Amino acid sequence: MSRAASSAPGPARPIAITLGDAAGIGPEIIAKAFRDAPDLLAGCFVVGDVALMRRAAGWVQAGGVSLPVAQITEPRQALQAPPLCVPVLQPGPPVALPAPGRISAAAGRLAGDCVVWAARAALRGEVSALVTAPLHKEALAAAGEPYARYPGHTELLQALAAEHAGVPVAAMPVRMMLANDELRTVLVSIHVSLREAIALVTESNVLQTLRISHQSVGAALHRAPRIAVAGLNPHAGEGGLFGREEIEAIAPAIARARAEGIDAQGPFAPDTVFMRARGGAEFDLVLAMYHDQGLIPVKYLGVERGVNVTLGLPLVRTSPDHGTAFDLAGTGRADAGSLLAALRMARQLVE
């Protein structure tokens, strides 16, 4: 779902998987993915710490399956890795192994360093896509500068892409989409307070989100997507009785988008619009006004199936739709389903 996704594919390039927070479930779901889906993981490599991945491989080895971890020094070496081998590219010096399930500034910094290395490699064209394991926002903030200024992956990747393009961050608008095989939802605002999210429901922000969704999702579908726009207020404002955002911001944005040839309809009552888009019944995606409005319906359908896709970047980036699950870290019980779904979607987007 990116500008890169619509271009013709070049020579086979590997897919980079970032470690995520080393104290969370990222390393072990990555190891499980290599264990359970070797064909899907062919040509993939981990940007992370070799010792951490060896520890995680030890946690998930079962039924006599061995998961050797091999250090590589450049992405293309991953293309020659045999099945059930986990290639790891280490972006910096080895780190002390963090205790599972505990917030650690060191783990936050390692997670950030892995994302930065992988994103820059993708922007240089050395990898075809970026799949990011979950990071922990408190740990990222505890790592200090430069990571403390970024609420999560999306904002960090946006800044890196803007830096690469030599433009201000505002000139590299991005949006978050959460998707599974039944529902897609794109957010007008991402990681901000609810009070701030309401203030961000403006005509210009809604219109920009419609444009990004039309371009990015359309590139993946190979046709113009049918976009349903959710209201902000109960009953989509009920004609102004419950709020005027629909009248003053959302409806004008839809009208402008339609004048540009974008198939957008609404605003619809947010408590029913997602049902109308399920399975592509009436719409291909729902434009949601804020984070939880859009993510709750998708996650309710199954966290293990959801994929986070960043729209608007000049690279393909997908991610599981769950967090670091500190309570499961180190147990070997974490489900790799959402990571595998993110890998499948990344492959689809670069084909």
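Use the structure listed above.
Residues numbered from 1 in each chain as written. Predicted model: local features only at pLDDT ≥ 70, side-chain atom pairs only at ≥ 80, totals over all residues. Heavy atoms only, no water.

(A) How the structure looks around the pairing of strand β4 (residues 86-89). Residues of β4 alternate between two faces, with Val-86 and Val-88 on one and Pro-87 and Leu-89 on the opposite face, all of them buried. Both strand β2 (residues 44-47) and β4 contribute to a ladder of two bridges, which runs parallel. Of the residues in β4, the one forming a bridge with Val-46 is Val-88. Sheet topology note: the strand β3 (residues 69-72)/β4 ladder contains four bridges and is parallel. When the bridges of β4 are listed, Val-69 appears paired with Val-86. (Buried < 20%, exposed > 50% of the residue type's maximum accessible area, 1.4 Å probe, protein only. Helix = DSSP H or I, 4+ residues; strand = E, 2+ residues; numbered from the N terminus. Pairing = 2+ DSSP bridges.)

(B) Representation of the side chain of Asn-308. Mapping Asn-308 onto the fold places it in strand β11 (residues 307-311). Here Asn-308 falls in the buried class, since its relative accessible area comes to 10%. Once you skip the residues sitting within four places of it in the chain, Asn-308 turns out to touch Met-176, Met-177, Leu-178, Arg-317, Thr-318, Ser-319 and Pro-320. (Contact = heavy atoms within 4.5 Å.)

(C) Fine view of the sheet that holds strand β9 (residues 264-268). As summarised here, the arrangement of the 12 strands in space is β3-β4-β2-β1-β5-β12-β11-β6-β7-β10-β8-β9, forming an open sheet in which the pairing is mixed. Two strands in the sheet have a free side with no partner beyond their single neighbour: β3 and β9. Adjacent strand axes in the sheet meet at a mean angle of 30° when their direction is disregarded. Of the pairings in the sheet, the one linking strand β8 (residues 227-230) to strand β10 (residues 285-288) comprises three bridges and is parallel in character. Each bridged residue has a counterpart across the sheet, and for Ala-228 the counterpart in β10 is Val-286. (Axes fitted to C-alpha atoms, helices over the stretch in contact; angles between N-to-C directions.)

(D) Inspection of the packing of aromatic side chains at higher detail. For the coordinates displayed, the defined rule picks out one aromatic pair. Ring centres of Phe-268 and Phe-283 lie 5.6 Å apart, and the angle between their planes is 45°; this geometry places the pair in the tilted category. Residue Phe-268 is located in strand β9, and its partner Phe-283 is located in the loop between α9 (273-277) and β10; the two are separated by 15 residues in the primary sequence. Exposure remark for Phe-268: the relative accessible area of 17% places this residue in the buried category. Since its relative accessible area comes to 1%, Phe-283 is described here as buried. (Phe/Tyr/Trp six-rings, centres within 6.5 Å; stacked < 30°, edge-to-face > 60°.)

Nothing here speaks to function; it is all geometry.
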